[in-house]
Amino acid sequence: MNKEIKHVADEHLWQEIISQCSFSGEVMFREVMKMHTSLKIGGPADVFVFPQEVISLKNILTALKRRDISFMPVGGGTNLLVRDGGIEGIVVSLRDCRRIEVVDDAKDMVSLFVESGAPLQKLVSFAKENGFSGIEGLAGIPGSVGGAIAGNAGAFGYSMKNVIVSAVVMHADGRLIKLDAEELGLEYRKANIPADSIILSANIRLRKDIKEDIAKRMEGFLKEKRERQPLSELSAGCVFKNSAETSAGKLIDEAGCKGMRVGDAEVSAVHANFLINKGNASAADFIKLMDAVKAKVLATFGVELETEIKVVGRG
Ligand SMILES: Cc1cc2nc3c(=O)[nH]c(=O)nc-3n(C[C@H](O)[C@H](O)[C@H](O)COP(=O)(O)OP(=O)(O)OC[C@H]3O[C@@H](n4cnc5c(N)ncnc54)[C@H](O)[C@@H]3O)c2cc1C
């Protein structure tokens with residue numbers, strides 16, 4: 001972070017940067033991140049901006065770059081734990097860039113252009129309504145398309161990796177970079193997104209299929225999700241990654257962690273890999289609970305759990 005802008009008191013300087021760079025979109029100062037995460041946890045971001053279109057994004061990113069200030073992209077905040085001290089600097093959301101369009105309609109296949117701010121479930125519904133198959137297993141996964149690419153979201157054997165043809169990212173210096181599927185390096189819950197860049201859009205390819213069959217598959221997956229996951233609780237989904245051998249949830253459950261609690265943070269009794277906020281959990285509570293779960297699984301099975309959610313912000 002640039003030395004010029006360290007504290008909230010620098011709000012006037014932020015205002016100056018934003019007003020000088022021809023930016024349209026919403027700007028929030030000291031915006032509490034708990035309002036923007038599915039866990040409802042997280043302190044204030046110094047600045048939170050919502051560019052209305054790509055040119056505003058470019059203008060703000062290049063203005064920041066000139067001052068050597070970094071930024072953090074955020075989607076739906078459904079895979080994020082923001083620490084109680086909030087986020088130093090600037091958070092960028094593309095929630096206002098959410099177009100989904102068919103760009104190529106062939107006999108069996110279709111190509112879609114999707115902006116990264118589109119909710120993933122908007123894309124899933126679009127596919128369902130139009131009879132496009134390939135992302136049925138993503139039904140019910142919250143968050144944005146950008147977040148789903150950044151973490152290669154998936155379930156039931158489906159993932160973004162299976163449908164992505166390419167993505168366009170904007171680098172902090174304003175350059176647009178097109179990455180093909182291989183360059184994106186999508187693996188289990190990870191992608192090779194270049195540092196200091198934000199995913200703008202993607203091209204995805206889906207197969208044409210019978211609408212009723214697609215809807216039936218989605219409904220089946222949603223039913224399983226509803227039965228196996230604590231969907232009415234505040235969570236960020238699975239906290240730890242599964243290993244090739246076994247699921248993290250199974251290890252956590254068999255280590256006896258279900259019901260463990262620190263403050264208002266609790267290991268769900270429904271799905272042990274979901275750590276939930278029962279109301280007023282702080283990030284510190286949540287992190288203590290994560291550490292306690294990791295320690296118990298390590299002591300019981302000798303397995304070191306790897307964190308799946310992104311833990312960000314100042315302590
Ligand atoms: C109830 C529940 C169920 C879930 N089930 C699943 C599941 O079955 N499978 C699964 O994979 N996940 C699941 N998740 C986790 C989460 O929904 C996914 O990881 C989702 O894809 C995250 O998207 P997001 O937009 O919320 O990302 P965010 O949480 O906002 O961000 C996650 C990361 O992506 C980065 N990012 C976001 N947008 C961009 C962008 N435009 N450019 C560059 N980087 C970006 C952020 O910087 C951050 O590092 C679940 C979550 C919940 C709450």
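Just so we're clear, the structure is a prediction, and the values are computed from it rather than from any experiment. (Residues numbered from 1 in each chain as written. Predicted model: local features only at pLDDT ≥ 70, side-chain atom pairs only at ≥ 80, totals over all residues. Heavy atoms only, no water.)

## A short note on the domain arrangement of the protein chain
Next up, step 1: Domain annotation for the protein chain reports domain 1 (8-93), domain 2 (100-227) and domain 3 (232-312).
Next up, step 2: Computed from C-alpha atoms alone, the centre-to-centre distance between domain 2 and domain 3 is 27 Å. (Domains from an automatic or database assignment.)

## Regarding the nonpolar core
Next up, step 1: Residues Leu 112, Leu 123, Ile 204 and Leu 206 are the most contacted members of the largest nonpolar core, which totals 34 residues.
Next up, step 2: When contributions to this core are tallied by element, the ones reaching two or more residues are β7 (109-115), α3 (120-130), α4 (145-150), β11 (164-171), β13 (197-208) and α6 (211-228).
Next up, step 3: Look past the residues within four positions of Leu 206 in its chain and what remains in contact with it is Asp 108, Met 109, Val 110, Leu 112, Ala 127, Phe 132, Ser 133, Gly 134, Ile 135 and Val 163. (Core = buried A, V, L, I, M, F, W, Y, C linked by side-chain atoms within 4.5 Å. Buried < 20%, exposed > 50% of the residue type's maximum accessible area, 1.4 Å probe, protein only. Helix = DSSP H or I, 4+ residues; strand = E, 2+ residues; numbered from the N terminus. Contact = heavy atoms within 4.5 Å.)

## Points about α3
Next up, step 1: Within α3 the residues assigned to the buried category are Leu 120, Leu 123, Val 124 and Ala 127. Around the axis of α3, the buried residues are gathered within 100 degrees of arc, so they sit on the same side.
Next up, step 2: In this structure, the buried residues of α3 make contact with β6 (100-105), β7, β8 (132-133), α4, β13 and α6. (Arc of directions from axis to C-beta.)

## Focus: the packing of α3 against α6
Next up, step 1: Close contact between α3 and α6 brings their axes to 7 Å; oriented N to C, the two are set at 145 degrees. Between α3 and α6, the residues in contact are Val 124, Lys 128, Glu 129 and Asn 130 and Lys 211, Ile 214, Ala 215 and Met 218, respectively.
Next up, step 2: Classifying every residue of the contact of α3 with α6 gives four nonpolar, one polar and three charged. (Axes fitted to C-alpha atoms, helices over the stretch in contact; angles between N-to-C directions. Nonpolar A, V, L, I, M, F, W, Y, C, P; charged D, E, K, R; others polar.)

## Describing the packing of aromatic side chains
Next up, step 1: Throughout the structure, instances matching the rule amount to four aromatic pairs.
Next up, step 2: Residues Phe 156 and Phe 221 carry aromatic rings whose centres are separated by 4.6 Å and whose planes lie at 20 degrees to one another, so their mutual orientation is stacked. Separated by 65 residues along the polypeptide, Phe 156 in the loop between β9 (154-155) and β10 (158-159) and Phe 221 in helix α6 bring together distant segments of the chain.
Next up, step 3: Taking the relative accessible area as the measure of exposure, Phe 156 reaches 27% and is therefore partly exposed.
Next up, step 4: Its relative accessible area of 15% is what places Phe 221 among the buried residues.
Next up, step 5: Measuring from ring centre to ring centre gives 5.5 Å for Tyr 158 and Phe 221, while their planes differ by 70 degrees; the resulting arrangement is edge-to-face. In this pair, Tyr 158 sits in strand β10 while Phe 221 sits in helix α6, placing the two residues 63 residues apart along the sequence. (Phe/Tyr/Trp six-rings, centres within 6.5 Å; stacked < 30°, edge-to-face > 60°.)

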